[in-house]
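Residue-level listing of the chains:
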Amino acid sequence: MRDAVYRMYERRVESSLATDIIPRHVGVILDGNRRWARSMGLTDVNRGHQSGAAKIFELLQWSTEAGVEVVTLWLLSTDNLTRPARELEPLLQIIENTVSKLAADGWHVKPVGALDLLPDKTARVLKDAQEATSDAPGLIVNVAVGYGGRREIADAVRSLLIEQAAKGTSIEELAEGLDVEHIAEHLYTRGQPDPDLVIRTSGEQRLSGFMLWQSAHSEFYFCEVHWPDFRKVDFLRAVRSYAARHRRFGS
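Thresholds applied
Residues numbered from 1 in each chain as written. Predicted model: local features only at pLDDT ≥ 70, side-chain atom pairs only at ≥ 80, totals over all residues. Heavy atoms only, no water. Pairing = 2+ DSSP bridges. Helix = DSSP H or I, 4+ residues; strand = E, 2+ residues; numbered from the N terminus. Axes fitted to C-alpha atoms, helices over the stretch in contact; angles between N-to-C directions. Contact = heavy atoms within 4.5 Å. Buried < 20%, exposed > 50% of the residue type's maximum accessible area, 1.4 Å probe, protein only. Expected span 1.5 Å × (residues − 1). Core = buried A, V, L, I, M, F, W, Y, C linked by side-chain atoms within 4.5 Å. Phe/Tyr/Trp six-rings, centres within 6.5 Å; stacked < 30°, edge-to-face > 60°. Lys NZ or Arg CZ within 6 Å of the ring centre and 35° of its normal. Patch = residues over 30% accessible without salt bridge, like charges linked within 9 Å, V, L, I, M, F, W, Y side chains within 5 Å. Areas by Shrake-Rupley, 256 points an atom, 1.4 Å probe, with all protein chains shown as cover. Salt bridge = Lys/Arg side-chain N within 4 Å of Asp/Glu carboxyl O. 1 Å grid on protein atoms, 1.4 Å probe; cavity = no way out; pocket = protein on both sides within 12 Å on 5 of 7 lines; lining within 4 Å. Points joined across faces, edges and corners; volume = space filled by probe spheres on them. Nonpolar A, V, L, I, M, F, W, Y, C, P; charged D, E, K, R; others polar.

Caption draft 1: Representation of the sheet that holds strand β6 (residues 219–222) in the model. Pairing in this open sheet of 6 strands is parallel, and the strands run β3-β4-β2-β1-β5-β6 from one edge to the other. Whereas interior strands pair on both sides, the edge strands pair on one side only; in this sheet they are β3 (108–112) and β6. The mean angle between the axes of side-by-side strands here comes to 20°, regardless of whether they run parallel or antiparallel. As paired elements, β3 and strand β4 (residues 140–147) share 5 bridges and run parallel to each other. What sits directly across from V109, in β4, is V141. Contacts between helix α5 (residues 120–133) and the sheet are confined to β3 and β4, with β3 contributing the most and set at about 145° to the helix.

Caption draft 2: Region of the structure containing the pairing of β6. The two faces of β6 differ: E219 and Y221 on one face are buried, but F220 and F222 on the other face are not. The pairing of strand β5 (residues 197–200) with β6 spans 4 bridges and is classified as parallel. Across the sheet, residue R200 finds its bridge partner in β6, namely F222.

Caption draft 3: Spatial organisation of the environment of Q130. Looking at the element boundaries, Q130 is found in helix α5. Taking the relative accessible area as the measure of exposure, Q130 reaches 30% and is therefore partly exposed. Every residue in contact with Q130, bar those within four places of it in the chain, is listed here: V109, K110 and P111.

Caption draft 4: Representation of helix α3 (residues 46–66) within the structure. End to end, α3 covers 30 Å across 21 residues, agreeing with the expected 30 Å (1.5 Å per residue, within 8%). Taken as a whole, α3 has its buried residues at N46, G48, H49, G52, A53, K55, I56, F57, L59, L60, W62 and S63. Here the buried face of α3 lies against β1 (25–29), α2 (33–39), β2 (70–77), α4 (85–104), β4 and α9 (232–243). The first or second residue beyond α3 is G67, which carries a positive phi of 100°.

Caption draft 5: Inspection of the nonpolar core at higher detail. The biggest cluster of nonpolar side chains holds 46 residues, and the ones touching the most others in it are I56, L59, L73, L102, V143 and F235. Once residues within four sequence positions are removed from consideration, F235 is found in contact with L59, W62, S63, A66, V68, I199 and F230. W74, V112, A144 and Y188 belong to the second largest nonpolar core, which has 11 residues in total.

Caption draft 6: Main features of the packing of aromatic side chains. Counted according to the given criterion, the structure contains 8 aromatic pairs. A centroid spacing of 6.2 Å and a plane angle of 70° characterise the contact between Y147 and F210, whose relative ring orientation is edge-to-face. You can see Y147 sitting in strand β4 and its partner F210 sitting in the loop between β5 and β6, a full 63 residues away along the chain. For F210, a relative accessible area of 0% corresponds to the buried category. Judged by centre distance (5.1 Å) and plane angle (25°), the rings of W227 and F230 are stacked. For W227, a relative accessible area of 0% gives the class buried. In this structure, K101 is placed above the aromatic ring of F57, and the distance from its NZ or CZ to the ring centre is 4.5 Å.

Caption draft 7: Structural detail: a nonpolar patch on the surface. Side chains of V157, L161 and I171 sit close together on the surface and give an oily, nonpolar patch of about 250 Å² of accessible area. Among the structural elements, I171 can be located in helix α7 (residues 171–177). Owing to a relative accessible area of 58%, I171 belongs among the exposed residues under this scheme.

Caption draft 8: Broad picture of the layout of surface pockets. Looking at the largest pocket, its volume works out to about 730 Å³. Looking at the lining of the largest pocket, the elements with two or more residues in it are α2, α3, β2, α4 and α6 (149–166). Partitioning the lining of the largest pocket into residue classes produces 13 nonpolar, 12 polar and 10 charged.

Caption draft 9: Here's a closer look at unusual backbone geometry. One non-glycine residue with positive phi stands out, namely S202, at about 75°. Looking at the element boundaries, S202 is found in the loop between β5 and β6.

Caption draft 10: Layout of the environment of E176. Summarising the element assignment, E176 is placed in helix α7. For E176, a relative accessible area of 73% puts it in the exposed group. Sequence separation of E176 and E58 is 118 residues, and the distance between their C-alpha atoms is 48 Å.

Structure (structure tokens):
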């Protein structure tokens, strides 16, 4: 009975969506895996990470059905790399397995993050997935692993400086002509639209460094549910909330 009521409500929310106002790019902070595991009485928090990984594939299906073009999944931050090895190593294995399955399922996978900070095996899995799916049609799936917004901006500036130095541009010439677009062209997500909508689960209402540059004009949606319990109706509510907002872009 409960499932039937839920499906009815889900269809009602879906039917209320403005199909002409769909976010092209949705960023998702997949928060609450460990808290979900503890709330379920599980002593191994990696059970939460595993359940969260399974949820990703549902999200991508919902996003495709809604007409979203790009989804960015924050799977591991640069701060997360300092976690104890007993937790980090199983988490990296879950991420590797998830990325490999995304590639096997035909999703267009693009790693975004400082791959040089990751173990060689993890970095290799990410690069292989990107190479294997570079021509895959449909939804682009950015997997943010070893990602930090400040690190991304620093990497973009570093890349820009190296590029300009190779052309013989002096620091003075670069400083005189530097524009925001020059930095944007060196971000991990270069060539993609900035996220229209950023969703964070588990009740936290902060970005924690997620896509700091790209989210300048993003709409934010925070929900209380832990990521493994995130449902299609939660996703639809986020999209509906986005569609109801009047985006001014600073004007």
